[in-house]
Amino acid sequence: MNLTREAFEEAVISALKRLPPFLKEKIENVEVVIEDRASREIVQEMELRSPYELLGLYQGVPYQRRGFYYGNVLPDKITLYQIPIESVCRTREEVEMKVREVVIQEVGHYFGFDDERLRELEEE
């Protein structure tokens, strides 16, 4: 299922708006971007076989590891990879659900949540 970039952006914005309030209130200094797929460098760095294995990526200093010294830094970055996400979906609704799942996963990495907590958030 292929969406236009604009439609995909709308799905990402919707997923961000639907985050639980306790997360939205605390998230700060994070840039959310959309790219077609992971770069060759990221694929190699993460020891993946294909860029299609990576649907999203959080890069930065997790919230819980930020101390009093944290400031005057570039934003953390959450990247969603449109083509790999679309490749595992057959309908627009599936793309929207997968985007929400990936957004929750990457925001969870920002907060330093473990897999169990991430599953709980996905179910909410």
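Residues numbered from 1 in each chain as written. Predicted model: local features only at pLDDT ≥ 70, side-chain atom pairs only at ≥ 80, totals over all residues. Heavy atoms only, no water.

Caption draft 1: Structural detail: helix 5 (residues 92-111). Over its 20 residues, helix 5 runs 29 Å from end to end, which matches the ideal 28 Å to within 8%, given 1.5 Å per residue. Of all the residues in helix 5, the buried ones are Val95, Lys98, Val99, Arg100, Val102, Val103, Ile104, Glu106, Val107, Gly108, Tyr110 and Phe111. One or two positions beyond helix 5, positive phi appears at Gly112, with a value near 80°. (Helix = DSSP H or I, 4+ residues; strand = E, 2+ residues; numbered from the N terminus. Expected span 1.5 Å × (residues − 1). Buried < 20%, exposed > 50% of the residue type's maximum accessible area, 1.4 Å probe, protein only.)

Caption draft 2: View of unusual backbone geometry. With a phi angle near 55°, Asn29 is a residue other than glycine that sits in the positive phi range. On the secondary structure map, Asn29 appears in the loop between helix 2 (21-24) and strand 1 (30-35). In this model, Glu47 sits at a positive phi of 60°, which is unusual for a non-glycine residue. Within the secondary structure, Glu47 is located in the loop between helix 3 (40-45) and strand 2 (56-59).

Caption draft 3: Broad picture of the packing of helix 1 (residues 5-17) against helix 5. At a minimum axis distance of 9 Å, the contact between helix 1 and helix 5 shows a crossing angle of 50°. Compared by their axis directions, helix 1 and helix 5 come out oblique. The way helix 1 lies across helix 5 gives a crossing that is right-handed. Taking contact as the criterion, the partners of Ala7, Phe8, Glu10, Ala11, Val12, Ala15 and Leu16 in helix 1 are, on helix 5, Arg92, Val95, Glu96, Val99, Arg100 and Val103. Residues that form the contact of helix 1 with helix 5 fall into these classes: nine nonpolar, no polar and four charged. (Axes fitted to C-alpha atoms, helices over the stretch in contact; angles between N-to-C directions. Parallel < 35°, antiparallel > 145°, perpendicular 65-115°, else oblique. Left-handed = near helix turned anticlockwise from the far one by under 90°. Contact = heavy atoms within 4.5 Å. Nonpolar A, V, L, I, M, F, W, Y, C, P; charged D, E, K, R; others polar.)

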